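Notes for the structure review
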Amino acid sequence: MSGDPKANAARAALDFIEHGMIVGLGTGSTSAHFVRQLGERVAQGLKVKGVPTSEATRNLAEQTGVPLLEISQVAAIDVDVDGADEVDTAFRLIKGGGGALLREKIVAAASRRMVVIADASKWVETLGAFPLPVEVTRFGFALTAQRIADALRATGCAGDEVALRVAGKANEPVITDGGNYIIDAHARSIRDAEALAAALQAIPGVVEHGLFLGLAQVVIIGNATGAEVKTL
Ligand code: 5RP
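Remember, predicted model here, so these are calculated numbers, not experimental data.

**Comments concerning the site of the ligand**
What surrounds the ligand is a group of 17 residues, the closest being Ser-29, Thr-30, Asp-85, Gly-96 and Lys-122. In this structure, an oxygen atom belonging to the ligand sits 2.5 Å away from a side-chain N or O atom of Ser-29. Within the side chain of Glu-104, one N or O atom sits 3.1 Å away from an oxygen atom of the ligand. Alone, the ligand offers 370 Å² of accessible surface; in the complex the protein occludes 91% of this. The class makeup of the residues in the shell around the ligand is 2 nonpolar, 9 polar and 6 charged.

Have a look at this one:
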């Protein structure tokens, strides 16, 4: 074990990988540990194929020697291993801090089992301190952002600020792998995640939101000396 909680969570997830499996490869720094560790097992003879959830993960998997499949080549994925921005005690997640929520959700929903890997900072009582990422079409994004703020208010969230995600010196909008924008919704505390998810899904212009509900069955929380595996 290393002293890095994220690396230790990722290593514990290797126990869920069996010879011949199709594996969803998540996005973010914790998932990057997993992809590198999986690459080491592949070099030792493990036969698996990965389905990446972002172009960044695709590049990393290619560098580390994990053979890949396109999502269009698979009918189902055996296990998806991905990080999270927040996880609550019912294994509801906020994801999308890295902007990959759309592909991450498609892969998670196609998987027989989703294994979440995280450090202890991600384990929360109530979702919402981390701004909820919502992927939206570029067309009409400002109107869509207003509707997202309405949804936060209508479902009893503590906050209703929304912000277009920007990056770089010029504060350019972040463009996702799908060519869309991201609105970060500062709910602060989400009272009813199911109601908020339904309200967001009903807004024209919303492509996907970062609430992952009913998808994760296993949560692995890494620490400095190892990892705790939690199951529902
Ligand atoms: C990317 C994600 C990531 O899994 C999430 O942001 C966690 O990232 P990290 O492992 O770097 O803390 O949802 O869209």
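**Details of the domain arrangement of the chain**
Per the domain assignment, the segments of the chain are domain 1 (5–123 + 214–227) and domain 2 (132–204). Here the C-alpha centre of domain 2 lies 25 Å away from the C-alpha centre of domain 1. The interface of domain 1 with domain 2 comprises 12 residues on the first partner and 11 residues on the second. A combined buried area of about 820 Å² lies between domain 1 and domain 2, and 55% of that area is made up of carbon and sulfur atoms. Ranking the residues of domain 1 by area buried against domain 2 places Arg-92, Ile-94 and Leu-101 at the top, with a combined share of 44%. Taken together, domain 1 and domain 2 are joined by 2 salt bridges. Residues Glu-194 and Arg-92 are paired through a salt bridge, measuring 3.3 Å at the closest nitrogen-oxygen approach. In terms of residues, the side of domain 1 that touches domain 2 owes the most to one element, helix H4 (residues 101–109), which gives 3 residues.

How each quantity is defined
Residues numbered from 1 in each chain as written. Predicted model: local features only at pLDDT ≥ 70, side-chain atom pairs only at ≥ 80, totals over all residues. Heavy atoms only, no water. Near = heavy atom within 4 Å. Polar contact = N/O pair within 3.5 Å; in protein donor to acceptor, adjacent residues only side chain to side chain. Areas by Shrake-Rupley, 256 points an atom, 1.4 Å probe, with all protein chains shown as cover. Nonpolar A, V, L, I, M, F, W, Y, C, P; charged D, E, K, R; others polar. Domains from an automatic or database assignment. Contact = heavy atoms within 4.5 Å. Buried area = accessible area lost by both parts, 1.4 Å probe. Salt bridge = Lys/Arg side-chain N within 4 Å of Asp/Glu carboxyl O. Helix = DSSP H or I, 4+ residues; strand = E, 2+ residues; numbered from the N terminus.

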